[in-house]
Amino acid sequence: MLLTPGLVSITFRKLIPEEIVSLMEQARLRSIEWGGDVHCPHGDTAIAKQVGQLTRDAGLEVAAYGSYYRAGATDGPSIDAVLDTASELGAPLVRIWAGTKGSSDSTAEDR
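Got a minute to help me understand the packing of aromatic side chains in this structure?
Centre-to-centre distance and the angle between the planes together describe a pair of aromatic rings. Scanning the entire structure with this criterion turns up 1 aromatic pair. Here arginine 70 stacks its cationic end above the ring of tryptophan 97, 4.9 Å away from the centre of that ring. Across the ring face of tyrosine 68, the terminal group of arginine 95 is positioned such that the distance to the ring centre comes to 5.7 Å.

In structure tokens, the structure reads:
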């Protein structure tokens, strides 16, 4: 397995994508998981397309889309919005949350 150095955009929540890409270039990182809470909001496919292109233009790769979709939840973004956004971003993977409970609050049945 080949490891690719990268980061998750929410590490820099207060920065805009252009600033994050610049920092990645300076640090010689190669891939990024763009977060769905700030940098690529769920359902905003126009922003996702721009951020994906910005990433590729810098010679970097989109590693994943960090969604805040929670499996089994009735609130939050729809899976369609998440998948549409990830598609426009060019993300090969989507991170989702496994349910609505933290691991310490989950029973064996929950898992």
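Back to the write-up after that little detour.
Help me out: how do you make sense of helix H3 (residues 79–89) in this one?
Note that an α-helix has 3.6 residues per turn; residues three or four places apart therefore point the same way. Those residues of H3 that fall on the buried side of the exposure criterion are Ala81, Val82, Thr85, Ala86 and Leu89. Seen from one end, H3 has its buried residues packed into an arc of 130°, which puts them on one side. Facing away from the buried surface of H3 by more than 90 degrees, the exposed residues are Asp80 and Ser87. Here the buried face of H3 lies against strand S2 (31–35), helix H2 (45–57), strand S3 (61–70) and strand S4 (94–97). With its phi angle positive at about 85°, glycine 90 sits one or two positions after the end of H3.

Is there a simple way to explain the pairing of S2 in this structure?
Successive side chains on a regular strand alternate, one facing one side of the sheet and the next facing the other. S2 sits mainly inside the fold: 5 of its 5 residues count as buried. Residues Ser31, Glu33 and Gly35 point to one face of S2 and Ile32 and Trp34 to the other, with burial holding for every one of them. Examined bridge by bridge, strand S1 (residues 6–8) and S2 share 3 bridges and lie parallel to one another. If you follow leucine 7 over to S2, its bridge partner there is isoleucine 32. In this fold, S1 hands off to helix H1 (residues 17–27), which returns the chain to S2; that crossover is right-handed. Of the strand pairs in this sheet, S2 and S3 are connected by 5 bridges, and their pairing is parallel. Residue isoleucine 32 lies in a different strand from S3, and its bridge partner there is valine 62.

Which parts of the structure should I look at to understand the nonpolar core?
Side chains of nonpolar character tend, in soluble globular proteins, to be buried together. Ranked by internal contacts, the top residues of the largest apolar core, which has 17 residues, are Trp34, Tyr65 and Leu89. Breaking this core down by element, the ones donating at least two residues are H1, S2, H2, S3 and H3. Not counting chain neighbours up to four residues away, the residues in contact with leucine 89 comprise Trp34, Cys40, Ala48, Val51, Gly52, Arg56, Val62, Ala64 and Tyr65.

Just to check I follow, could you spell out the side chain of threonine 55 for this structure?
Residue placement: threonine 55 occurs in helix H2. Exposure remark for threonine 55: the relative accessible area of 0% places this residue in the buried category. At 2.7 Å, the side chain of threonine 55 and the backbone oxygen of valine 51 are in polar contact. Every residue in contact with threonine 55, bar those within four places of it in the chain, is listed here: Ile32, Trp34, Leu60, Glu61 and Val62.

Explain the sheet that holds S1 here, please?
Backbone-to-backbone hydrogen bonds join strands into a sheet, with any given pair of strands oriented parallel or antiparallel. Read from one edge to the other, the open sheet built from 4 strands follows the order S1-S2-S3-S4, with strand pairing classed as parallel. The open sheet terminates on both sides in strands that have one partner only, identified here as S1 and S4. Across the sheet, the mean angle separating the axes of adjacent strands is 20° when strand polarity is ignored. Sheet strands touched by H1: S1 and S2. Its angle to S2, the strand with the most contacts, is close to 160°.

Thresholds applied
- Residues numbered from 1 in each chain as written.
- Predicted model: local features only at pLDDT ≥ 70, side-chain atom pairs only at ≥ 80, totals over all residues.
- Heavy atoms only, no water.
- Phe/Tyr/Trp six-rings, centres within 6.5 Å; stacked < 30°, edge-to-face > 60°.
- Lys NZ or Arg CZ within 6 Å of the ring centre and 35° of its normal.
- Buried < 20%, exposed > 50% of the residue type's maximum accessible area, 1.4 Å probe, protein only.
- Helix = DSSP H or I, 4+ residues; strand = E, 2+ residues; numbered from the N terminus.
- Arc of directions from axis to C-beta.
- Contact = heavy atoms within 4.5 Å.
- Pairing = 2+ DSSP bridges.
- Right-handed = clockwise from strand over helix to strand, strands pointing away.
- Core = buried A, V, L, I, M, F, W, Y, C linked by side-chain atoms within 4.5 Å.
- Polar contact = N/O pair within 3.5 Å; in protein donor to acceptor, adjacent residues only side chain to side chain.
- Axes fitted to C-alpha atoms, helices over the stretch in contact; angles between N-to-C directions.

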